[in-house]
Amino acid sequence: MGFADQRFNVNLSILFTELPLLERPAAAAAAGFTAVELWWPWIDSPTPERSELDALKKAIEDAGVQLTGLNFYAGRLPGPDRGALSVPGEESERFRANIDVAAGFAASLGCTALNALYGNRVEGVDPAEQDALALENLTLAARAADRIGAILLVEALNQPESPLYPLVSAPAAVGVVDKVNEATGLGNAKFLMDLYHLSMNGEDLPSVIERYAARTGHVQIADNPGRGAPGTGTLPLEQLLDRLRKAGYDGWVGLEYKPGDRPSAEAFDWLPAEARAAR
């Protein structure tokens, strides 16, 4: 097994960001990849103009790559925000306004995984109130995802970099997944297992894989420390991905790492060119 046996996609919101958004799908294709994922690309607008949606759709189609994952609107990301769906008031409303837009865009490109970042705790707001709002909004998102044949992803982040984000462990994120599935009866909410975030939290990654591989809808990787490419830190990513495969996970592995002080096209030397195209 090893890296060559995985199905990788490139996250175009952290890699190739030295290029304009519409040039990134072609750059990923030129690097040998056939699949990409994105955070919500329009951080200031949950409901961008149709012309903007159409332009990105055309760029992805023209590049010949498959969009395999998309975030719902998540506020300023990159930036101080970590999602909008649990934040009362305007941000929650922006998330709700985005649900059908994001699902429609995903459906237009055959994308079947939508990630909903939970959002930070807000000073002066009862956490229980935020959690109740989150469940309402995640239920709406899960139903929208189901209408297009997609799964809803719930992600754990890491406490050192996201100190106001409440889901900073695998059990916390999976607990929310369970609540959403119970509320909808659809069973399409899944765990997004980001090995970098979980390692930053000090979790036992082999144990997390053993416990939650069957509940996992998507995997993302970066090395630790540094959030760089595999091999730049100390995480045994090849072994961990092998464990995931042996535990039954055969889905996408998103490359969500920083390229460092080099062009993104040079940040894939750890992965042979012949292993980059999805099989």
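Everything discussed here concerns the structure shown above.
Residues numbered from 1 in each chain as written. Predicted model: local features only at pLDDT ≥ 70, side-chain atom pairs only at ≥ 80, totals over all residues. Heavy atoms only, no water.

Caption draft 1: Just the sheet that holds strand S4 (residues 113-115), in detail. Read around the closed barrel, the eight strands follow the order S1-S2-S3-S4-S5-S6-S7-S8; overall the barrel is parallel. Taken over all neighbouring pairs, the strand axes of this sheet differ in orientation by 30° on average, direction set aside. Alignment of strand S1 (residues 7-11) against strand S8 (residues 252-255), held across four bridges, turns out to be parallel. Bridge assignment links Asn9 to a residue of S8, and that residue is Gly254. Sheet strands touched by helix H5 (residues 170-184): strand S5 (151-155) and strand S6 (189-194). Its angle to S6, the strand with the most contacts, is close to 165°. (Pairing = 2+ DSSP bridges. Helix = DSSP H or I, 4+ residues; strand = E, 2+ residues; numbered from the N terminus. Axes fitted to C-alpha atoms, helices over the stretch in contact; angles between N-to-C directions. Contact = heavy atoms within 4.5 Å.)

Caption draft 2: Up close: the layout of surface pockets. Reported here for the largest pocket is a volume of approximately 350 Å³. Around the largest pocket, the lining comprises 20 residues; the ones closest to its centre are Trp39, Leu77, Arg82, His197 and Arg227. The computed volume of the second largest pocket comes to approximately 230 Å³. Taken together, 23 residues line the second largest pocket, and the ones lying closest to its centre are Thr68, Ala113, Gly217, His218 and Trp252. Elements with a minimum of two residues in the lining of the second largest pocket: strand S2 (35-38), strand S3 (66-71), S4, S5 and strand S7 (216-221). Sort the elements by how many residues they give to the lining of the second largest pocket and S3 lands first, with six residues. Among the residues forming the lining of the second largest pocket, the class breakdown is ten nonpolar, twelve polar and one charged. (1 Å grid on protein atoms, 1.4 Å probe; cavity = no way out; pocket = protein on both sides within 12 Å on 5 of 7 lines; lining within 4 Å. Points joined across faces, edges and corners; volume = space filled by probe spheres on them. Nonpolar A, V, L, I, M, F, W, Y, C, P; charged D, E, K, R; others polar.)

Caption draft 3: The arrangement of helix H4 (residues 127-147) in detail. Compared with the 30 Å implied by 1.5 Å per residue over 21 residues, the 30 Å span of H4 between its first and last C-alpha is a close match. Taken together, the buried positions of H4 are occupied by Gln130, Leu133, Ala134, Asn137, Leu138, Thr139, Ala141, Ala142, Ala144 and Ala145. If you follow the buried residues of H4, they end up packed against helix H3 (90-108), S4, S5 and H5. The distance from a side-chain oxygen at the start of H4 to the backbone nitrogen of Ala128 is 2.9 Å, and the residue carrying that oxygen is Asp126. Note on H4: the residue one or two positions beyond its end, Gly149, has a positive phi of about 75°. (Expected span 1.5 Å × (residues − 1). Buried < 20%, exposed > 50% of the residue type's maximum accessible area, 1.4 Å probe, protein only. Polar contact = N/O pair within 3.5 Å; in protein donor to acceptor, adjacent residues only side chain to side chain.)

Caption draft 4: Region of the structure containing the packing of helix H2 (residues 50-63) against H3. Between H2 and H3, the least distance of the axes is 11 Å, while the angle of their chain directions is 30°. Considering their axes alone, H2 and H3 lie roughly parallel with respect to each other. Once H2 is placed against H3, the crossing between them reads as right-handed. Every residue of H3 that contacts H2 at Leu53, Leu56, Lys57 and Glu61 is listed here: Val101, Phe105 and Ser108. For the contact of H2 with H3, the per-class residue count stands at four nonpolar, one polar and two charged. (Parallel < 35°, antiparallel > 145°, perpendicular 65-115°, else oblique. Left-handed = near helix turned anticlockwise from the far one by under 90°.)

Caption draft 5: Broad picture of unusual backbone geometry. With an omega dihedral of 5°, the bond running from Leu77 to Pro78 counts as a cis peptide bond. Checked against the element boundaries, Pro78 lands in the loop between S3 and H3. Cis geometry marks the peptide bond from Asn224 to Pro225; its omega dihedral reads 5°. Of note in the backbone geometry, Phe16 takes a positive phi value of approximately 65° without being a glycine. On the secondary structure map, Phe16 appears in the loop between S1 and helix H1 (24-30).

Caption draft 6: Structural detail: the packing of aromatic side chains. Inspection of every chain in the model, using the stated rule, returns eleven aromatic pairs. Look at Tyr257 and Trp270: their rings are 6.4 Å apart centre to centre, the planes differ by 70°, and that puts the pair in the edge-to-face class. With Tyr257 in the segment after S8 and Trp270 in the segment after S8, this residue pair connects regions lying 13 residues apart in the sequence. Of the two residues examined, Tyr257 and Trp270, each falls in the buried class. An aromatic cluster is built from Phe3, Phe8, Phe16, Phe33, Tyr257, Phe268 and Trp270, whose rings are joined through pairwise contacts. (Phe/Tyr/Trp six-rings, centres within 6.5 Å; stacked < 30°, edge-to-face > 60°.)

Caption draft 7: Representation of the environment of Ile148 within the structure. Mapped onto the fold, Ile148 is located in the loop between H4 and S5. Residue Ile148 is classed as partly exposed on the basis of its relative accessible area of 25%. C-alpha separation for the pair Ile148 and Tyr212, spaced 64 residues apart in sequence, amounts to 25 Å.

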